[in-house]
Amino acid sequence: MNAQTRIDINVAERHPRQKLVVVGNGMAGCRAVEEILARDAGRYSVTILGAEPRVNYNRIMLSPVLAGEKTFEDIVINDTAWYADNGIALVTGDPVVAIDRAGKRVTTRSGHLQPYDKLILATGSDPFIIPVPGNDLAGVVTFRDLDDVDRMLKAAERGGDAVVIGGGLLGLEAAHGLALRGMTVTVVHLMPTLMERQLDEAAGWLLRQELERRGHTILTGANTRAILGSDGHVAAVELEDGRRIPADIVVMAAGIRPSIALARNAGITCERGIVVDDNMVTSDPSVLAVGECVQHRGLCYGLVAPLWDMCRALAGYLTDSPAPYQGSVTSTKLKVSGIDLFSAGDFASGEGCEDIVMRDAARGVYKRLVLKDDRIIGTVLYGDTADGNWYFELLRKGEDVAALRAGLIFGQAFANGSALADPNAAVAALSDDAEICGCNGVSKGQVVGCINSGAHSLDAVRAGCKASASCGSCTPLVESLLALTLGGAVESGPKTLCKCTSFTHDDVRRLIMERQLKHLPQVMQELHWSTPDGCSTCRPALNYYLLCAWPGEYVDDQASRFVNERLHANIQKDGTYSVVPRMWGGITNPRELRAIADVVEKYNAPMVKVTGGQRIDIFGIRKEDLPAVWADLNAAGMVSGHAYGKALRTVKTCVGSDWCRFGTQDSTGLGVKIEKMTWGSWMPHKFKIAVSGCPRNCAEATIKDFGVVCVDSGYELHIGGNGGIKVRVTDLLCKVATEKEALDMCAAFIQLYREDAHYLERTAPWVARRGLDWVKAQLLDDPDAVTRLARRFRYSQSFSQNDPWAARVAGERRDLHAHLAEVRPMQLEDAQ
Amino acid sequence: MIGKWLDIGPTTQIEPGSARTLPVFGGEEIAVFHTVRGEFYALVNKCPHKAGPLSQGIIHGDSVTCPLHNWRISLRTGEALGEDKGCTPTIPLKIDGGRIFLLREAVVA
C-alpha cells in the first residue's frame, strides 16, 4: 500500500499541478480547500467560483449579525489575503450555470469557461419557499445569506410587524434578531412543537414559554394559506383557519433543500441531495461534493459539524490519504442569548431505550438522556446545558455509562464524584452539612434527623423537612439516605398516577389547582414527569383533570382521548363502531324509531340491540360512515348518547305517576330534567342515573351512581351504586321534598365526584374509599355547599353541552373519519 | 414507470398524536402514525393480539396502545412491548419535501 501511494505522489510531482475547481465559496467549499492545502499544499491549482459577491464568511453566525451582536467583519472566515497567499483564484458574484462533464469544464453565468481535472460541488442548500399565493411579494425574504440579513435590517428600520414562517432553529433566530431590532414578531409554525426536529414536547414547551415571555407571539399548528399584499408589498399572512396576521416583512424559514439543480442537470446522480460515497465522490469519479448539498448513506445534513467531517474525508481522498466519512452524529444549540438549549442524537425513545429525565421547575430546567444498551444515544437539555458537551462526547464515543448511571443526569462533576459501585456509598460519604435539596436548602444532617424522628418514607421526608418536595431532582439522594438510615425499613409511598410520575392522583389534582397549571406539557414539566409525553394511562387522566379544573379555558386534547371519546362511538372487537343516540329519560317516538330503522337499513348494521340503560344500540358502523349516520340521526332530532364516554351515560326511568297505578311522582319527567341538566358532562368514569317512581324501584335506581326513588313525601337520593363486576347497592344520601332540591343535589354530587375522584374511579369505589360520612359532610354540613358545587357544575356544563356529533357532521376533524387514500393495483395498465 | 416509493400525500393531513388509515385493495390496511413530537411511522393496522385497529390507539412516545386490550406496540419495530409477545409488520416510510412516501413493494406485498 505504501509503495502504491508513493508512486502516485511521484506521478503528481512530475506532472503540472492538477486543476481543482470548487463551485461554492461558502463554508464547505472553503473548508474543503483548507483541508486539502493542509495535507498537500502544492498539489492542485485551485479556483473557487462563488455566487455571492464577497469573501467566505461563517454563515451560521448570520443570526448574531441580525441580532446586532456581531458585524459582518466579525464573521469573515477567509479574507482576500488568504486567497492571495494560497494562490487561489476567487471568482465572486458569478454563479456556475452548467457543467460539461465530457469536456471537463464549467460555465458561469457571465459565460466564463473554467476547465477542471477535479471538480468539487459545494453548492449548499436553498431555503424552502412554501408554495402559497403571494410568496413572491416584495417583503417576503429568506434567511440564508448576508443579503437576506440586509433586507431584514432595512425592514426593521421602519419597525412594524414581522411574521416568521417556521419555528425551527433558523426561524427562531430570525425572530429573535428582528425582535431585538424593534419589530413585533409572530412565529407561525406548522408543527405543534417548536424546533420539533431537535426538541421533544417538554423542552419545546419551555422554549415557547420563554419566547412568549419575551413578547413573541407563537402560533403552533398553524398552516399558512396565503401571503396577502397591498401595492405589491406584503401586508399580512393568512392562516388556514382564516386568521390574518399583519406583516411588514415575512421571513420564510420553513426549512432548506440541498441545492442540486446544477448537478442534476449535468446528469450526476441525485436523490434528495447529490449522492456521494464515503470519499465524497459523486457518480462521476472526477466530481466530488461536500456540505449541505450532498446525500451520504441516505442522509442530508443541515448543520455545520458534519461539514467539517466531510471536508476531512474529501481532502484525504484527494491527497491519497483516504479517511472515509462515516456519517455524523449532530448536536444543536440555539443561538438566542439567554436561552440555553442543547440537543443531540436520537431522543425519540425506541425499542430497548430508557429515559432518564430530570426536571427542575423552579429553575426552568429540563434534562433528558436516552440510553440504550448502557450507552447514551440522545439528549435534550433546556435551561442547563453545562453538561451538553460531556454527554455529546459520551454519545459520540459510544461509551458504556453503566458505572456512571446513578449520577449521570446530575452532570459530569457529580457523576465522576459518585462513580462508585454502590450509589449509596457516595451519599454516605457526604458530610452532614452537605446540601441535599438545593430548592429548599436542606442539608444531609437535616434529612437524616427528619428520618430518625419518624419520617420513614419519601413522602414523610418531603412533608417533614421539605427535601425533594420542590423540583424532585434530589429524590434519588433522599431515597439513598432513607435506605442508609433505615436499612430495609423504607416504607413505600401511596400508589402513583402512573409510572411517569412519583405523584399520586390527589397530588396532581391539588397541584393543578394550586399552581394554576393549564396545559398538558406544563403539568408534565412542573410535576417532573419522567417521560417526555406521558403514556396511555396519564394522558387521558391529565386531560380530564385539566378539563375539570379549567372549564371553558382548557382546550381538550383529542390525542389524549381514548378512541371511543375521540370518535364519539364505541369500538367493537372487529374495529367497527356502535352508535347509541340519546333518548331523554328512555323515552322515544315514531320519528326517532324510524330514523334509527332507516340508518340500520341504509348502513347494513348487522345488529340492533336495546341496552340496559333504555337506549337503542346500532352495531357494525364503519368509522368512515359515522358522520353520515349521525347526520341522519341529527336530522330526526337526536344527539349523541355518550354511551362511549367517561361521562353521563343514561338516565333510566320508570313510567311513574303518569301511567303506573303505584307511581308517586313524575319519575319520567324528573328523569328527563336530570338528563337535560347532566348530559355532555365529562367525568372521572362513566356515570349512570336512574329515577324510580316508587319504592318498587323498577328503574333499578339503587345500583346506579346516582339514584332517585320517589316516595309520597318527596325524593330519596341514593349514591355510589354499581351493577358491574362488583355489585354495590347505593347508600342513602338524603331525602328532599322538591324536584328542584333533587336536581341541585344531583348536580352538587356529580361536581364533588368530578372534582375529587381519581380518573377511572367509579362512584362506588370512590364513596367506599372516601367514606359515606365524608361525602355527606361535604354536601350537607355547610348549607351553601350544594349551591356552590351545583353552580360550578352548571358553569362547566355551559361549555360541554354541544352535540359532538353535530360538530362532526359539520366537518370538524374529518381526518379522524376519512381514510388517507386507497391503494389499488393498476388494473387499467395491465389491461392494455 | 412505477417508482420505488408511493406518494400518499402531504404530512399535514395527519395531525400530530394521531394516525390515519390507508386501505389496500387485496392487501392489509395500513395505519400511518404521526407522533406528538412529529415523527411518522407506518404499520399494518392490526394488533398482533386480536387484530385491533392500532390506528385508533393513544400514541405516546414512539408507541401506540391498542384500543381493544391495551397492548403497547412499538411504532419503530411493530413489536409488542412489556410482557406481551407479538409483532405487527412495519412499512418503510420516508418524508420528502413535506410529503409521505411508503415503500411500494411493502404496501402491495
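The name that an unreviewed UniProt entry assigns to chain B is Nitrite reductase small subunit NirD, with the source organism given as Alteraurantiacibacter lauratis.

If you check an unreviewed UniProt entry, chain A appears there as Nitrite reductase large subunit NirB from Alteraurantiacibacter lauratis. As recorded by UniProt, the Sequence similarities (unreviewed entry) comment attached to chain A reads in full: "Belongs to the nitrite and sulfite reductase 4Fe-4S domain family." For the record of chain A, the UniProt heading Pathway (unreviewed entry) holds the text "Nitrogen metabolism; nitrate reduction (assimilation)."

Undergrad: I would appreciate a short explanation of the overall build of chain B in the present structure.
TA: Along chain B, the regular secondary structure elements total 1 helix and 9 strands. Each helix and strand of chain B, ordered N terminal to C terminal, gives the series β-β-β-β-β-β-β-β-β-α. Counting the 109 residues in chain B, one finds 54% classified as buried. The contacts of chain B with a sequence gap of at least 6 include a subset with a gap of at least 24, amounting to 40%. Surface summary for chain B: the accessible area is close to 4,500 Å², and the carbon and sulfur share equals 50%.

Undergrad: When you look at the overall build of chain A in this model, what are you seeing that I'm missing?
TA: Helix and strand counts for chain A come out as 30 helices and 38 strands. Taken as a whole, chain A presents about 35,200 Å² of accessible surface, with 51% of it coming from carbon and sulfur.

Undergrad: Sorry if this is basic, but what is going on with the sheet that holds strand 6 (residues 63-65) of chain B here?
TA: The strands making up a sheet associate through hydrogen bonds between their backbones, and the pairing can be parallel or antiparallel. All names here are of chain B. With antiparallel pairing, the 3 strands of this open sheet are ordered in space as 5-6-7. Of all strands in the sheet, those bounded by a partner on one side alone are strand 5 (58-60) and strand 7 (72-74). For this sheet, the mean inter-axis angle between neighbouring strands, taken without regard to orientation, is 25°. One ladder, built from 3 bridges, connects strand 5 with strand 6; its direction is antiparallel.

Undergrad: Mind showing me how you'd approach the interface of chain A and chain B here?
TA: By a widely used convention, the size of an interface equals the accessible area lost when the partners come together. Counting from both sides, the interface comprises 49 residues of chain A and, opposite them, 44 residues of chain B. Three residues stand out in chain A for area buried against chain B, namely E351(A), L820(A) and V823(A), and they jointly supply 21% of the buried area on that side. The interface formed by chain A and chain B includes 0 salt bridges. Linking chain A with chain B are 14 residue pairs in polar contact (both at pLDDT 80 or more).

Undergrad: It is not clear to me how helix 23 (residues 626-635) of chain A should be interpreted in this structure. Could you clarify?
TA: Note that an α-helix has 3.6 residues per turn; residues three or four places apart therefore point the same way. Residues and elements named next belong to chain A. Every buried residue belonging to helix 23 is among L626, P627, V629, W630 and L633, and all of these are buried. What you see down the axis of helix 23 is that its buried residues fit within an arc of 155°, all on one side. Those residues of helix 23 that are buried lie in contact with helix 21 (563-567), strand 31 (577-579), helix 22 (590-602), strand 33 (616-621) and helix 29 (804-809). One or two residues past the end of helix 23 sits G637, with phi positive at roughly 90°.

Undergrad: Teacher, can you tell me more about a negative patch on the surface here?
TA: All names here are of chain A. Together, D373, D374, E399 and D400 line one region of the surface with negative charge. Tracing the backbone through its elements, the reader meets D374 in the loop between strand 26 (365-372) and strand 27 (375-382). The partly exposed category is assigned to D374, whose relative accessible area is 30%.

Undergrad: How do you make sense of the sheet that holds strand 34 (residues 648-653) of chain A when you look at a structure like this?
TA: All names here are of chain A. Strand order in the open sheet formed by 5 strands is 34-35-36-37-38, and the pairing between neighbours is mixed. In this open sheet, the two edge strands, each paired with only one partner strand, are strand 34 and strand 38 (731-736). Neighbour-to-neighbour, the strand axes of this sheet turn through a mean angle of 15°, independent of strand direction. The pairing of strand 36 (residues 706-711) with strand 37 (residues 714-719) spans 6 bridges and is classified as antiparallel. When the sheet's bridge partners are listed, C710 is paired in strand 37 with Y715. Contacts from helix 27 (residues 772-781) reach strand 37 and strand 38 within the one sheet, and its direction differs from that of strand 38 by about 25°.

Undergrad: It is not clear to me how the side chain of T142(A) should be interpreted in this structure. Could you clarify?
TA: Residue and element names in this part refer to chain A. When you line up the elements, T142 lands in strand 11 (residues 140-142). Of note is the side chain of T142, whose polar atom sits 3.1 Å from the side chain of D148. Ignoring sequence-local partners within four residues, the contact set of T142 consists of P127, I129, D148, M152 and M252.

Undergrad: What should I look at first to understand the packing of aromatic side chains in this one?
TA: Geometrically, a pair of aromatic rings is defined through the distance of the ring centres and the angle of the planes. Residue and element names in this part refer to chain A. Tallied over the full model, the rule gives 16 aromatic pairs over all chains. Measuring from centroid to centroid gives 5.4 Å for W630 and W805, while their planes differ by 10°, and the two rings are stacked. Of the two residues, W630 sits in helix 23 while W805 sits in helix 29, which places them 175 residues apart along the sequence. Classification of W630 by relative accessible area gives buried; the value is 0%. Using a relative accessible area of 0% as the deciding quantity, one classes W805 as buried. Summarising the aromatic geometry, the rings of F687 and F749 are spaced 6.3 Å apart at their centres and angled 50° between planes, so their arrangement reads as tilted. Here F687 is found in strand 35 (residues 687-692), whereas its partner F749 is found in helix 25 (residues 739-756), with 62 residues between them in sequence. Across this residue pair, the class does not change: F687 and F749 are buried. Within the aromatic cluster, the residues linked to one another by ring pairs are F687, F706, F749, Y753, W766 and W774. The aromatic ring of W584 is capped on one face by K676, whose charged end is 4.0 Å from the ring centroid.

Undergrad: Just to check I follow, could you spell out the nonpolar core for this structure?
TA: The nonpolar side chains of a soluble globular protein tend to be buried, and buried together. Within the largest apolar cluster, 68 residues are counted, with the highest numbers of intra-cluster contacts made by V508(A), W529(A) and F33(B). In terms of residue count, helix 20 (residues 538-549) of chain A provides more of this core than any other element does, 9 residues in total. When residues of this core are assigned to domains, at least three fall in each of domain 4 (564-635) and domain 5 (649-831) of chain A. Look past the residues within four positions of V508(A) in its chain and what remains in contact with it is L497(A), F503(A), L527(A), W529(A), L542(A) and Y545(A). In this structure, A32(A), Y83(A), V96(A) and Y325(A) belong to the second largest nonpolar core, which totals 51 residues.

Undergrad: I tried to follow the packing of helix 15 (residues 444-452) of chain A against helix 17 (residues 475-486) of chain A on my own but got confused; where do I start?
TA: Axis angle and axis distance: for two packed helices, these are the angle between their axes and the distance between the axes, and together they describe the pair. Residues and elements named next belong to chain A. It is at 10 Å that the axes of helix 15 and helix 17 come closest, and there the two elements cross at 55°. One finds that helix 15 runs oblique with respect to helix 17. The two elements helix 15 and helix 17 cross, and the hand of that crossing is right-handed. Counting all contacts with helix 15, which are made through K444, V447, V448, I451 and N452, the residues of helix 17 involved are V478, L481, L482, T485 and L486.

Undergrad: Help me out: how do you make sense of helix 16 (residues 458-465) of chain A in this one?
TA: Residues and elements named next belong to chain A. For helix 16, the full list of buried residues reads L458, V461, R462 and C465. The buried residues of helix 16 occupy an angular sector of 105° when projected down its axis, which confines them to one face. Counted as exposed and oriented over 90 degrees from the buried face of helix 16: A463 and G464.

Undergrad: I tried to follow the pattern of salt bridges on my own but got confused; where do I start?
TA: In a structure, side chains of opposite charge can pair up when their charged atoms sit close to one another. Residue and element names in this part refer to chain A. Tallied over the entire structure, the rule returns 55 salt bridges over all chains. Two residues, D744 and K740, come together in a salt bridge whose shortest N-O distance is 2.6 Å. Of this pair, D744 and K740 both sit in helix 25, 4 residues apart, which is roughly one turn of the helix. Classification of K740 as exposed rests on a relative accessible area of 56%. Between E755 and R792 there is a salt bridge; the shortest N-O distance is 2.7 Å. Of this pair, E755 sits in helix 25 while R792 is found in helix 28 (residues 785-800), placing the two residues 37 residues apart along the sequence.

Undergrad: What is the right way to read unusual backbone geometry from this model?
TA: Most of the time, phi is negative for any residue but glycine, and the peptide bond is trans. All names here are of chain A. One non-glycine residue with positive phi stands out, namely K104, at about 50°. On the secondary structure map, K104 appears in the loop between strand 6 (96-100) and strand 7 (105-108). Phi at L760 is positive, roughly 70°, even though this residue is not glycine. For L760, the location among the structural elements is in the loop between helix 25 and helix 26 (763-770).

Undergrad: Where do I start with the environment of H642(A) in this structure?
TA: All names here are of chain A. Looking at where H642 falls in the secondary structure, it is placed in the loop between helix 23 and strand 34. Overall, the relative accessible area of 2% leaves H642 in the buried class. Between the C-alpha atom of H642 and that of A569, which follows or precedes it by 73 residues, the distance is 7.7 Å. Not counting the four nearest positions on each side in its chain, H642 is found in contact with R582, A647, L648, R649, W679, G680 and P804.

Basis of the calculations
- Residues numbered from 1 in each chain as written.
- Chains lettered and ligands numbered in written order.
- Predicted model: local features only at pLDDT ≥ 70, side-chain atom pairs only at ≥ 80, totals over all residues.
- Heavy atoms only, no water.
- UniProt positions renumbered as here; feature names shortened; annotations may be inferred.
- Helix = DSSP H or I, 4+ residues; strand = E, 2+ residues; numbered from the N terminus.
- Buried < 20%, exposed > 50% of the residue type's maximum accessible area, 1.4 Å probe, protein only.
- Contact = heavy atoms within 4.5 Å.
- Areas by Shrake-Rupley, 256 points an atom, 1.4 Å probe, with all protein chains shown as cover.
- Pairing = 2+ DSSP bridges.
- Axes fitted to C-alpha atoms, helices over the stretch in contact; angles between N-to-C directions.
- Buried area = accessible area lost by both parts, 1.4 Å probe.
- Salt bridge = Lys/Arg side-chain N within 4 Å of Asp/Glu carboxyl O.
- Polar contact = N/O pair within 3.5 Å; in protein donor to acceptor, adjacent residues only side chain to side chain.
- Arc of directions from axis to C-beta.
- Patch = residues over 30% accessible without salt bridge, like charges linked within 9 Å, V, L, I, M, F, W, Y side chains within 5 Å.
- Lys, Arg positive; Asp, Glu negative; His and termini not counted.
- Charge placed at Lys NZ, Arg CZ, Asp CG, Glu CD.
- Phe/Tyr/Trp six-rings, centres within 6.5 Å; stacked < 30°, edge-to-face > 60°.
- Lys NZ or Arg CZ within 6 Å of the ring centre and 35° of its normal.
- Core = buried A, V, L, I, M, F, W, Y, C linked by side-chain atoms within 4.5 Å.
- Domains from an automatic or database assignment.
- Parallel < 35°, antiparallel > 145°, perpendicular 65-115°, else oblique.
- Left-handed = near helix turned anticlockwise from the far one by under 90°.

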